Amino acid sequence: MTFTVQPALAEVREAADPVHAEDRPGAPWWRSAVIYQIYPRSWADSNGDGIGDLPGITARLSYLRDLGVDAVWLSPFYPSPQADAGYDVADYRDVDPLFGSLADADVLLRRAHELGIKVVVDLVPNHSSDEHAWFQAALAAGPGSPERARYIFRDGTGPHGELPPNNWNSVFGGRAWTRVTEADGSAGQWYLHLFDTKQPDFDWQHPEVRAEFESVLRFWLDRGVDGFRVDVAHGLIKQPGLPDWHDRTTMLGAHVEHDHSEHRPEPTHATPYWDQDGVHEVYRAWRTVLDSYGAPDRILCAEAWVEPQERAVRYVRSDEMHQAFNFDFLGTPWRAEALTDTIARSLRSSDSVGAPTTWVLSNHDVVRHATRLGMPSTESRPRGIGAGDAQPDRELGLRRARAATALMLALPGSAYLYQGEELGLPESTDMPDEFRQDPTFRRTGGAEIGRDGCRVPMPWVKGAPSLGFGPGPLAWLPQPEVYGAYAVDQQVGVPGSTLELYRSLLAVRHAHALGTGSLSLVEGLGEDVVALSNDGAGRDRVLVVTNLGKSVVELPEGAEVVVASSPLEAGAVPTDTTVWARW
Ligand code: NOJ
Ligand code: CA
């Protein structure tokens with residue numbers, strides 16, 4: 001006769017010291033807000049030209065009220081030649097006719113506010129479009145002119161100035177310098193562009209550049225916007241003398257995703273154009289402008305791909321920005337220990353400056369997390385996936401994505417969602433190359449697939465032309481066949497759908513004030529589990545368990561499940577599942 005000896009169940013309990021303390025009562029909205037990113041050209045098209053627009057957004061805002069988000073962030077809608085999908089701004093105080101008009105922006109703001117949704121807009125201060133009036137004036141005015149001084153023009157090197165001023169490369173591939181032809185037809189100076197040739201970098205040492213952007217802030221604040229997401233916030237100041245740089249130029253995460261067990265890469269500020277100390281002076285000045293608008297707070301959110309975290313949190317010191325995307329979390333591999341470590345370190349780092357942490361899993365620059373987490377390896381995040389690449393396991397990716405989001409939304413701090421993730425939308429991974437528009441694809445000769453795969457227009461109605469994105473069949477990027485099954489109309493009111501999961505998560509997060517709670521690690525549930533407890537005055541503790549192991553995990557006795565990212569198995573938490581439970 002054989003006996004199975006049941007190991008004594010370890011006691012499940014909170015670790016001695018909480019990782020993070022509860023936020024103060026009456027903390028301002030942005031410390032715990034859930035903000036939904038709209039990529040305007042791909043959300044809703046009102047006039048059937050295949051490009052999403054502001055009236056399209058306004059018409060569908062009630063969808064976001066029903067989802068339960070606090071605010072939206074709109075990627076750029078300003079007049080632009082669209083060389084980088086609007087991140088090449090030709091006029092900071094207007095709306096591109098492609099997206100509507102200033103009057104349409106006012107209507108959008110009013111409607112959003114009526115629905116209780118705040119509106120954050122994108123601000124692109126590192127560079128303008130080459131079609132911006134200032135750059136055109138700089139070209140016309142010639143070397144040494146005050147007009148050129150607002151950008152970074154330099155003479156070339158080599159006997160005839162035929163070589164670029166230094167060896168910097170563009171984030172999008174190729175060199176970061178372009179030589180101009182002077183008015184007299186001669187080969188002239190070079191200008192710096194860390195991104196596309198059509199995106200010349202401003203010289204932020206120039207007082208006129210600083211004054212101009214403060215005026216742009218006021219322009220939009222006066223119209224009623226609730227804040228700004230600041231593009232390339234770590235790039236504005238370049239090291240004096242523009243010294244050569246020995247490494248690759250990357251921004252979107254090559255220095256972010258890493259195996260947590262390995263040696264860490266160089267700090268970002270070793271690169272002579274990233275995370276230079278001088279940027280903070282700019283944001284302190286901006287904070288004064290925003291604060292002058294009084295309550296409720298208008299906010300700044302930094303897009304700063306900065307490592308290590310001790311440097312990244314300098315952007316959210318109390319007199320600088322309010323939020324900074326936590327890209328470390330986005331880049332953490334799907335392993336329990338790594339996730340727990342990132343969460344605890346993130347909270348401790350932001351707490352060291354009194355700021356909330358700003359969680360994010362997807363945006364318009366990275367592979368959607370429903371696809372990323374279904375790739376054979378998440379160790380090195382690909383810059384886009386093409387038909388010739390290894391393809392994701394879609395079911396696994398979605399299951400993990402739901403678990404990852406449920407983990408993220410249980411955490412104190414604010415969180416950003418990227419349009420379509422609430423539908424579990426996968427990346428388009430087999431888009432024919434002729435449709436690709438990301439400049440990085442062209443500039444690297446296709447070596448980098450680019451970001452078009454996460455920018456495909458939203459599916460609203462299965463079977464409708466353009467899946468309900470617009471009134472007609474046009475969509476600026478092709479929508480994969482499978483998108484119909486993910487359409488909003490297929491998921492609303494359907495128990496277990498990803499959309500209904502997101503709605504439940506947001507409702508419970510709100511009801512239990514998880515965004516302002518304290519956080520403790522929970523011991524005793526095993527090694528392959530992220531186990532946390534979110535607590536707050538006057539409400540039940542919420543146990544958060546994400547199981548990344550192979551076997552099911554039993555919950556402690558008395559735990560009462562409130563929401564689960566996938567169905568439980570006989571009351572236990574299966575693989576790749578997150579549950580929230582009162583305990
Ligand atoms: C970051 C933006 O998110 C990305 O889309 C853009 O290409 C670069 N900044 C350059 O503006
Ligand atoms: Ca349109």
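Above this text you will find the structure in question.
Presented here is a report on the structure given in the accompanying data block. Nothing here was measured: the structure is a model prediction, and the numbers come from that model.

Here we take up the overall build of the protein. For the protein, the helix and strand inventory stands at 15 helices and 17 strands. Its C-alpha atoms give the protein a radius of gyration of 24 Å, near enough to 25 Å, the size a compact globule of 583 residues would have. Referenced to the eigenvectors of the C-alpha coordinate spread, the extents of the protein come out at roughly 95 × 50 × 50 Å. When each of the 583 residues of the protein is scored for burial, the buried share is 61%. A fraction of 71% describes how many contacts in the protein between residues 6 or more apart in sequence connect residues 24 or more apart. For the protein, the distance from the average site of its 52 positive side-chain charges to the average site of its 82 negative ones is 2 Å.

The subject of this paragraph is helix α5 (residues 207–223). Over its 17 residues, α5 runs 25 Å from end to end, which matches the ideal 24 Å to within 8%, given 1.5 Å per residue. When we look at burial in α5, the residues that qualify are Val-209, Arg-210, Glu-212, Phe-213, Val-216, Leu-217, Trp-220 and Leu-221. Of the surrounding secondary structure, the elements contacted by the buried residues of α5 are α3 (102–114), β4 (118–123), α4 (133–141), β8 (227–230) and α6 (279–291).

Within the protein, Asp-45 (OD), Asn-47 (OD1), Asp-49 (OD), Ile-51 (O) and Asp-53 (OD) serve as the donor atoms for the calcium ion (ligand 2), at 2.2 to 2.4 Å. Read from N- to C-terminus, the donor residues coordinating the calcium ion (ligand 2) fall into the pattern D-x1-N-x1-D-x1-I-x1-D. Residue classification places Asp-49 among the partly exposed positions, given a relative accessible area of 34%.

Attention shifts here to the packing of α5 against α6. Between α5 and α6, the shortest axis-to-axis distance is 10 Å and the interhelical angle comes to 30 degrees. Crossing geometry of α5 relative to α6 is assigned as right-handed. In this structure, α5 contributes Arg-210, Phe-213, Glu-214, Leu-217, Arg-218 and Leu-221 to the contact, and α6 contributes Glu-281, Val-282, Ala-285, Trp-286, Val-289 and Leu-290. Looking at side-chain class alone, the contact of α5 with α6 contains 8 nonpolar, no polar and 4 charged residues.

What follows concerns the packing of aromatic side chains. Applying the stated criterion to the full structure yields 29 aromatic pairs. Ring geometry for Tyr-63 and Trp-460: centres 4.9 Å apart, planes at 70 degrees, overall edge-to-face. Remark: Trp-460 occurs in the loop between α12 (439–443) and α13 (483–486) and Tyr-63 occurs in helix α2 (residues 61–67); sequence separation between them is 397 residues. No difference in accessibility class separates Tyr-63 from Trp-460, as the two residues are buried. On the basis of an interplanar angle of 65 degrees and a centroid distance of 5.3 Å, the ring pair of Phe-172 and Phe-195 is categorised as edge-to-face. Placement of the pair is Phe-172 in the loop between β5 (153–154) and β6 (177–181) and Phe-195 in the loop between β7 (187–192) and α5, with a sequence separation of 23 residues.

Strand order in this open sheet of 3 strands is β5-β7-β6, and the pairing throughout is antiparallel. Each edge of the sheet is formed by a strand with only one pairing partner; in this case those strands are β5 and β6. Sheet topology note: the β6/β7 ladder contains 4 bridges and is antiparallel. By the bridge assignment for β7, Thr-178 is matched with Tyr-191.

With respect to spatial proximity, 14 residues lie near ligand 1, and among them Asp-84, Arg-229, Asp-231, His-364 and Asp-365 are the closest. In this structure, Arg-229 approaches ligand 1 through a side-chain N or O atom, which is 2.9 Å from an oxygen atom. At 2.8 Å from an oxygen atom of ligand 1 is found a side-chain nitrogen or oxygen belonging to His-364. Here ligand 1 loses 100% of its free accessible area of 300 Å² to cover by the protein chains. Across the shell around ligand 1, the residue classes break down as 5 nonpolar, 2 polar and 7 charged.

With that settled, consider the nonpolar core. Among the nonpolar cores identified, the biggest contains 138 residues, and Tyr-36, Leu-64, Phe-228 and Trp-580 are the most heavily contacted of them. Counting residues in each nonpolar core, the second largest holds 15 residues, with Trp-168, Val-171, Val-232 and Leu-242 among its members.

Rules used in this analysis
- Residues numbered from 1 in each chain as written.
- Chains lettered and ligands numbered in written order.
- Predicted model: local features only at pLDDT ≥ 70, side-chain atom pairs only at ≥ 80, totals over all residues.
- Heavy atoms only, no water.
- Helix = DSSP H or I, 4+ residues; strand = E, 2+ residues; numbered from the N terminus.
- Rg over C-alpha atoms; globule rule 2.2 N^0.38 Å.
- Buried < 20%, exposed > 50% of the residue type's maximum accessible area, 1.4 Å probe, protein only.
- Contact = heavy atoms within 4.5 Å.
- Lys, Arg positive; Asp, Glu negative; His and termini not counted.
- Charge placed at Lys NZ, Arg CZ, Asp CG, Glu CD.
- Expected span 1.5 Å × (residues − 1).
- Donors = N, O, S within 2.8 Å, 3.2 Å for Na, K, Ca; no water.
- Axes fitted to C-alpha atoms, helices over the stretch in contact; angles between N-to-C directions.
- Left-handed = near helix turned anticlockwise from the far one by under 90°.
- Nonpolar A, V, L, I, M, F, W, Y, C, P; charged D, E, K, R; others polar.
- Phe/Tyr/Trp six-rings, centres within 6.5 Å; stacked < 30°, edge-to-face > 60°.
- Pairing = 2+ DSSP bridges.
- Near = heavy atom within 4 Å.
- Polar contact = N/O pair within 3.5 Å; in protein donor to acceptor, adjacent residues only side chain to side chain.
- Areas by Shrake-Rupley, 256 points an atom, 1.4 Å probe, with all protein chains shown as cover.
- Core = buried A, V, L, I, M, F, W, Y, C linked by side-chain atoms within 4.5 Å.

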